[in-house]
Amino acid sequence: EPEVTQTPSHQVTQMGQEVILRCVPISNHLYFYWYRQILGQKVEFLVSFYNNEISEKSEIFDDQFSVERPDGSNFTLKIRSTKLEDSAMYFCASSGQRGDASGTDTQYFGPGTRLTVL
Amino acid sequence: GNSVTQMEGPVTLSEEAFLTINCTYTATGYPSLFWYVQYPGEGLQLLLKATKADDKGSNKGFEATYRKETTSFHLEKGSVQVSDSAVYFCALRRGAQKLVFGQGTRLTINP
């Protein structure tokens, strides 16, 4: 069964450093998302991406964050200058197959990348 | 705006007990409703969903019915197992928009 994959599984970085979290969505999906979950809290939406541009973003997704689909298979989340409060589990998700581009079907989540900012 | 409220956890039950986890929502229009499960150390997995009023989603013995009149989507299982121990998230979605999650309910099943 196709699945969303994410690398690395755990990333430790120093405050102020840049990090790039990588995701490989399901191959025929058209909509891509990033969510995050701070330890013990609810899962929060960060950004959605469709047709090579951001379609929606949350208040959390400020100028420190960016997303990119550099090569047609990977989907990355970059945090330019990490802060302590960026420590969280980051989940990538994808949905919407070719031929049914409504985006209304199920979002499939990757296993997450745990980001620890020291 | 759209929001989801789940019953406070944690919930601890004995094996073979009946489970209910309450979920209510606030949304404009007619959202799709979901239950996701997060097993220890893993990511989010879709458990079940319902896309319109009175639909019942079911999977692995779990069920939830989309109740428009009470804006609810309560999760139920008749006989829980130790392997059902996890965190359960109720969520809603309108069209191709983001998922909005509840705060999660941690379920522990004792043998």
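Just so it is clear, the structure is predicted and the values come from calculations on it, not from any experiment.

A. Fine view of the overall build of chain B. Counting secondary structure elements, chain B contains zero helices and twelve strands. Traced from its N-terminal end to its C-terminal end, chain B shows the element sequence β-β-β-β-β-β-β-β-β-β-β-β. Here chain B has a C-alpha radius of gyration of 13 Å; the compact-globule value for 111 residues is 13 Å, and the two agree. By its C-alpha atoms, chain B is 40 × 25 × 20 Å across when sized along the principal axes. The proportion of buried residues among the 111 residues of chain B is 45%. Considering only residue pairs separated by 6 or more positions, chain B has 55% of its internal contacts joining residues 24 or more positions apart. When the accessible area of chain B is evaluated, it comes to approximately 5200 Å², of which 46% is carbon and sulfur surface. For chain B, the distance from the average site of its 11 positive side-chain charges to the average site of its 10 negative ones is 11 Å.

B. Representation of the sheet that holds strand S8 (residues 62-65) of chain B in the model. Residue and element names in this part refer to chain B. Spatially, four strands are ordered S3-S9-S8-S7 in an open sheet, and the strand pairing comes out antiparallel. Here the strands that pair on one side only, and so sit at the sheet edges, are strand S3 (19-21) and strand S7 (56-59). Between one strand axis and the next, the sheet turns through 15° on average, direction left out of account. Across three bridges, the pairing between S8 and strand S9 (residues 75-77) is antiparallel. What sits directly across from Phe-62, in S9, is Lys-77.

C. Up close: the side chain of Ser-58 of chain A. Note on placement: Ser-58 of chain A falls in the loop between strand S6 (53-57) and strand S7 (65-68). Setting aside its immediate chain neighbours within four residues, Ser-58 of chain A contacts Phe-45 and Leu-46 of chain A.

D. Focus on the interface of chain B and chain A. The interface of chain B with chain A comprises 18 residues on the first partner and 19 residues on the second. On the chain B side of the interface with chain A, the three residues burying the most area are Leu-44, Arg-93 and Lys-98 of chain B, jointly 32% of the side's total. For the interface between chain B and chain A, the tally reads one salt bridge. A salt bridge links Glu-56 of chain A to Lys-98 of chain B, with the shortest nitrogen-to-oxygen separation between them at 3.5 Å. At the junction of chain B with chain A, the criterion picks out seven residue pairs in polar contact (both at pLDDT 80 or more).

E. Structural view of the packing of aromatic side chains. Across all of its chains, the model carries 17 aromatic pairs over all chains by this definition. Centroid distance Tyr-35 of chain A to Phe-101 of chain B: 5.8 Å. Interplanar angle 90°. Geometry classified as edge-to-face. Here Phe-101 of chain B lies in strand S11 (residues 99-101) and Tyr-35 of chain A lies in strand S4 (residues 29-37), a pairing that spans two chains. Assessed through its relative accessible area of 2%, Phe-101 of chain B is described here as buried. Seen from their ring centres, Phe-62 of chain B and Tyr-88 of chain B are 5.6 Å apart, and the 40° between their planes marks the pair as tilted. Of this pair, Phe-62 of chain B sits in strand S8 while Tyr-88 of chain B sits in strand S10 (residues 86-93), and the two are 26 residues apart along the sequence. The two residues Phe-62 of chain B and Tyr-88 of chain B agree in class, both being buried. Joined through ring pairs, the aromatic side chains of Tyr-33, Tyr-35, Phe-45, Phe-91 and Phe-109 of chain A together with Phe-34, Tyr-36, Phe-89 and Phe-101 of chain B make up one cluster.

Cut-offs and rules
Along each chain, numbering runs from 1 in the same order as the chain's sequence is written. Key to labels: chains lettered from A, ligands numbered from 1, both in the order written. Under the rules for a predicted model, residues below a pLDDT of 70 receive no local features and side-chain atom pairs below 80 are neither given nor counted, while totals for whole chains, interfaces and linings still include all residues. The side-chain numbers reported here are obtained from all heavy atoms of the structure, hydrogens and water having been left aside. Counting from the N terminus, the helices are the DSSP runs of H or I reaching at least four residues and the strands are the DSSP runs of E reaching at least two. When we talk radius of gyration, it's over C-alpha atoms, and the globule rule is simply 2.2 Å times the number of residues to the 0.38. The classification of residues rests on relative accessible area computed with a 1.4 Å probe and restricted to protein chains. Under 20% of the type maximum is buried, over 50% is exposed, and intermediate values are partly exposed. Whether two residues touch is decided by their heavy atoms; if any such pair falls within 4.5 Å, the residues are in contact. The method behind every accessible area is Shrake-Rupley, applied with a 1.4 Å probe, and residues are considered shielded solely by the protein chains displayed. Under the convention used here, Asp and Glu are negative, Lys and Arg are positive, and both His and the chain ends fall outside the count. Every charge is mapped onto a representative atom, which is NZ of Lys, CZ of Arg, CG of Asp or CD of Glu. Strand pairing is assigned whenever DSSP identifies at least 2 bridges connecting the two strands. Comment: axis = line fitted to C-alpha atoms, over the contacting stretch for helices; angle = value between 0 and 180 degrees taken between N-to-C directions. In this description, buried area is defined as the sum, over both parts, of the accessible area (probe of 1.4 Å) that is lost when the two are combined. One side-chain nitrogen of Lys or Arg within 4 Å of one carboxyl oxygen of Asp or Glu is enough to make a salt bridge. For this analysis, a polar contact is any N or O atom pair within 3.5 Å, provided that within protein one partner can donate a hydrogen and the other can accept it, and provided that sequence-adjacent residues contribute only side-chain to side-chain pairs. Any two of the Phe, Tyr and Trp rings considered here, Trp counted by its six-membered ring, make a pair once their centres fall within 6.5 Å; the pair's planes then place it as stacked at under 30 degrees, edge-to-face at over 60, or tilted in between.

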